Amino acid sequence: MRDVNYFIIQASRCTQTEFELDFVDFIEVFDTSEVKLTTEDGKSLIISFDEKGNFKSYFVNREDITAQMAEGSYIKERINQVIDVLNNLTWSGNRVDGETIQYILNKVGMEDQMLRQLIMSQPIEEVRYIIDEREELEEELDNQD
(Lines give C-alpha, C1' and ligand atoms only; values in the text may rest on other atoms or scores of the structure.)
Protein backbone atom coordinates (compact mmCIF):
# COMPACT_ATOMS: atom_id res chain seq x y z
CA MET A 1 0.00 0.00 0.00
CA ARG A 2 1.26 3.48 -0.81
CA ASP A 3 0.98 4.98 2.67
CA VAL A 4 2.80 7.89 4.34
CA ASN A 5 5.96 5.88 4.91
CA TYR A 6 6.04 4.71 1.30
CA PHE A 7 5.91 8.26 -0.05
CA ILE A 8 8.48 9.57 2.44
CA ILE A 9 10.93 6.83 1.50
CA GLN A 10 10.37 7.48 -2.20
CA ALA A 11 10.82 11.26 -1.75
CA SER A 12 14.07 10.72 0.16
CA ARG A 13 15.49 8.68 -2.72
CA CYS A 14 15.01 11.19 -5.55
CA THR A 15 14.70 14.86 -6.44
CA GLN A 16 11.46 16.81 -6.32
CA THR A 17 11.18 16.73 -10.11
CA GLU A 18 11.63 12.96 -10.24
CA PHE A 19 9.13 12.50 -7.41
CA GLU A 20 6.56 14.68 -9.16
CA LEU A 21 6.96 12.75 -12.41
CA ASP A 22 6.68 9.37 -10.66
CA PHE A 23 3.62 10.28 -8.58
CA VAL A 24 1.77 12.81 -10.70
CA ASP A 25 -1.46 10.82 -10.25
CA PHE A 26 -1.34 11.20 -6.45
CA ILE A 27 -0.19 14.83 -6.21
CA GLU A 28 -2.96 17.40 -5.73
CA VAL A 29 -0.83 20.55 -5.33
CA PHE A 30 2.52 21.24 -6.97
CA ASP A 31 4.60 24.07 -5.50
CA THR A 32 8.17 25.28 -5.94
CA SER A 33 9.33 23.60 -2.73
CA GLU A 34 6.61 21.14 -1.76
CA VAL A 35 3.87 18.83 -2.97
CA LYS A 36 0.58 17.88 -1.35
CA LEU A 37 -0.92 14.46 -1.95
CA THR A 38 -3.33 11.95 -0.53
CA THR A 39 -2.05 8.48 0.26
CA GLU A 40 -3.93 5.30 -0.67
CA ASP A 41 -5.08 5.02 2.95
CA GLY A 42 -6.58 8.54 2.79
CA LYS A 43 -4.00 10.58 4.69
CA SER A 44 -3.17 14.11 3.59
CA LEU A 45 0.61 14.49 3.23
CA ILE A 46 2.79 17.51 2.43
CA ILE A 47 6.37 16.75 1.40
CA SER A 48 8.89 19.62 1.38
CA PHE A 49 12.06 19.82 -0.67
CA ASP A 50 15.10 22.09 -0.25
CA GLU A 51 16.37 24.61 -2.80
CA LYS A 52 18.30 21.84 -4.60
CA GLY A 53 15.19 19.70 -4.93
CA ASN A 54 16.19 17.17 -2.25
CA PHE A 55 13.81 15.82 0.39
CA LYS A 56 13.67 18.11 3.42
CA SER A 57 10.66 17.26 5.60
CA TYR A 58 7.04 16.20 5.65
CA PHE A 59 3.79 17.01 7.41
CA VAL A 60 0.80 14.73 7.99
CA ASN A 61 -2.64 16.20 8.68
CA ARG A 62 -3.17 16.33 12.46
CA GLU A 63 -6.54 14.57 12.25
CA ASP A 64 -4.74 11.55 10.80
CA ILE A 65 -2.17 11.62 13.61
CA THR A 66 -4.97 11.74 16.20
CA ALA A 67 -6.51 8.61 14.68
CA GLN A 68 -3.13 6.86 14.61
CA MET A 69 -2.53 7.71 18.27
CA ALA A 70 -5.82 6.18 19.49
CA GLU A 71 -5.37 3.95 22.53
CA GLY A 72 -4.51 0.41 21.56
CA SER A 73 -3.40 1.30 18.04
CA TYR A 74 -0.24 -0.26 16.63
CA ILE A 75 1.34 3.18 16.06
CA LYS A 76 0.62 4.27 19.64
CA GLU A 77 2.18 1.06 20.98
CA ARG A 78 5.32 1.50 18.85
CA ILE A 79 5.69 5.15 19.90
CA ASN A 80 5.35 4.14 23.55
CA GLN A 81 8.11 1.56 23.02
CA VAL A 82 10.42 4.26 21.63
CA ILE A 83 9.63 6.54 24.57
CA ASP A 84 10.36 3.70 27.02
CA VAL A 85 13.72 3.01 25.34
CA LEU A 86 14.65 6.70 25.53
CA ASN A 87 13.54 6.97 29.16
CA ASN A 88 15.64 3.95 30.08
CA LEU A 89 18.68 4.93 28.02
CA THR A 90 21.34 5.86 30.55
CA TRP A 91 25.09 6.12 30.70
CA SER A 92 27.18 7.30 33.64
CA GLY A 93 23.94 7.70 35.59
CA ASN A 94 22.52 10.28 33.16
CA ARG A 95 19.35 10.00 31.09
CA VAL A 96 19.07 10.89 27.44
CA ASP A 97 19.86 14.59 26.91
CA GLY A 98 18.97 17.28 24.38
CA GLU A 99 22.06 16.68 22.28
CA THR A 100 21.18 12.99 21.94
CA ILE A 101 17.61 13.80 20.91
CA GLN A 102 18.94 16.34 18.40
CA TYR A 103 21.30 13.69 17.00
CA ILE A 104 18.39 11.24 16.65
CA LEU A 105 16.24 13.87 14.91
CA ASN A 106 19.10 14.59 12.53
CA LYS A 107 19.58 10.90 11.73
CA VAL A 108 15.89 10.42 10.91
CA GLY A 109 15.82 13.60 8.82
CA MET A 110 13.48 15.52 11.10
CA GLU A 111 15.70 18.22 12.62
CA ASP A 112 14.40 21.03 10.38
CA GLN A 113 10.79 19.86 10.67
CA MET A 114 11.02 19.72 14.47
CA LEU A 115 12.61 23.17 14.63
CA ARG A 116 9.74 24.58 12.58
CA GLN A 117 7.09 22.77 14.62
CA LEU A 118 8.57 23.96 17.91
CA ILE A 119 8.87 27.55 16.72
CA MET A 120 5.34 27.60 15.33
CA SER A 121 3.82 26.04 18.46
CA GLN A 122 5.51 28.25 21.10
CA PRO A 123 4.36 31.69 22.24
CA ILE A 124 6.07 34.36 20.11
CA GLU A 125 7.62 35.93 23.23
CA GLU A 126 9.48 32.68 23.94
CA VAL A 127 10.69 32.47 20.34
CA ARG A 128 11.90 36.10 20.44
CA TYR A 129 13.71 35.46 23.74
CA ILE A 130 15.58 32.49 22.24
CA ILE A 131 16.46 34.44 19.09
CA ASP A 132 17.73 37.34 21.22
CA GLU A 133 19.82 34.89 23.26
CA ARG A 134 21.29 33.40 20.06
CA GLU A 135 22.08 36.85 18.63
CA GLU A 136 23.86 37.82 21.87
CA LEU A 137 25.92 34.64 21.70
CA GLU A 138 26.83 35.33 18.05
CA GLU A 139 27.86 38.87 18.99
CA GLU A 140 30.05 37.62 21.85
CA LEU A 141 31.72 35.11 19.55
CA ASP A 142 32.33 37.80 16.92
CA ASN A 143 33.90 40.06 19.54
CA GLN A 144 36.29 37.27 20.61
CA ASP A 145 37.78 37.09 17.12
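Here the structure is shown first, and the text comes after it.
The notes below deal with the structure included here. (Residues numbered from 1 in each chain as written. Predicted model: local features only at pLDDT ≥ 70, side-chain atom pairs only at ≥ 80, totals over all residues. Heavy atoms only, no water.)

### Focus on the overall build of the protein chain
Regarding its fold elements, the protein chain presents 7 helices and 6 strands. Sequence-ordered secondary structure for the protein chain, helices as α and strands as β, is α-α-β-β-β-β-α-α-β-β-α-α-α. Its C-alpha atoms give the protein chain a radius of gyration of 19 Å, more than 25% over the compact-globule value 15 Å for 145 residues. Principal-axis analysis of the C-alpha atoms places the extent of the protein chain at approximately 55 × 40 × 30 Å. Per-residue burial for the protein chain yields a buried fraction of 21% across its 145 residues. A fraction of 29% describes how many contacts in the protein chain between residues 6 or more apart in sequence connect residues 24 or more apart. (Helix = DSSP H or I, 4+ residues; strand = E, 2+ residues; numbered from the N terminus. Rg over C-alpha atoms; globule rule 2.2 N^0.38 Å. Buried < 20%, exposed > 50% of the residue type's maximum accessible area, 1.4 Å probe, protein only. Contact = heavy atoms within 4.5 Å.)

### Considerations on the pairing of strand S4 (residues 55-60)
With 5 bridges connecting them, strand S3 (residues 44-49) and S4 associate as antiparallel partners. The residue bridging Leu45 from the neighbouring strand is Val60, located in S4. (Pairing = 2+ DSSP bridges.)

### Some details on the environment of Val108
Looking at the secondary structure, you find Val108 in the loop between helix H5 (98-107) and helix H6 (111-121). Given a relative accessible area of 53%, Val108 falls into the exposed group.

### A short note on the nonpolar core
Among the nonpolar cores identified, the biggest contains 15 residues, and Phe7, Phe19, Leu37, Leu45 and Ile47 are the most heavily contacted of them. Among the elements of the structure, helix H1 (4-12), strand S2 (34-38) and S3 are those that each provide at least two residues to this core. It is H1 that contributes the most residues to this core, 4 residues altogether. When neighbours within four sequence positions are excluded, Ile47 is seen to be in contact with Phe7, Ala11, Phe19, Ser33, Glu34, Val35, Leu37, Phe55, Ser57 and Tyr58. (Core = buried A, V, L, I, M, F, W, Y, C linked by side-chain atoms within 4.5 Å.)

### Focus on the sheet that holds strand S1 (residues 27-30)
With respect to topology, 4 strands assemble into an open sheet ordered S1-S2-S3-S4, the strand pairing being antiparallel. If you trace the sheet from one side to the other, it starts and ends with S1 and S4, each paired once. Direction aside, neighbouring strands of the sheet carry axes that sit 20 degrees apart on average. (Axes fitted to C-alpha atoms, helices over the stretch in contact; angles between N-to-C directions.)

### Things to note about the side chain of Ser48
Residue position: Ser48 is located in strand S3. Of the polar contacts made by the side chain of Ser48, one reaches the side chain of Glu34; its length is 3.5 Å. The residues touching Ser48, leaving out its near neighbours within four places in the chain, are Ser33, Glu34, Asn54, Phe55, Lys56 and Ser57. (Polar contact = N/O pair within 3.5 Å; in protein donor to acceptor, adjacent residues only side chain to side chain.)

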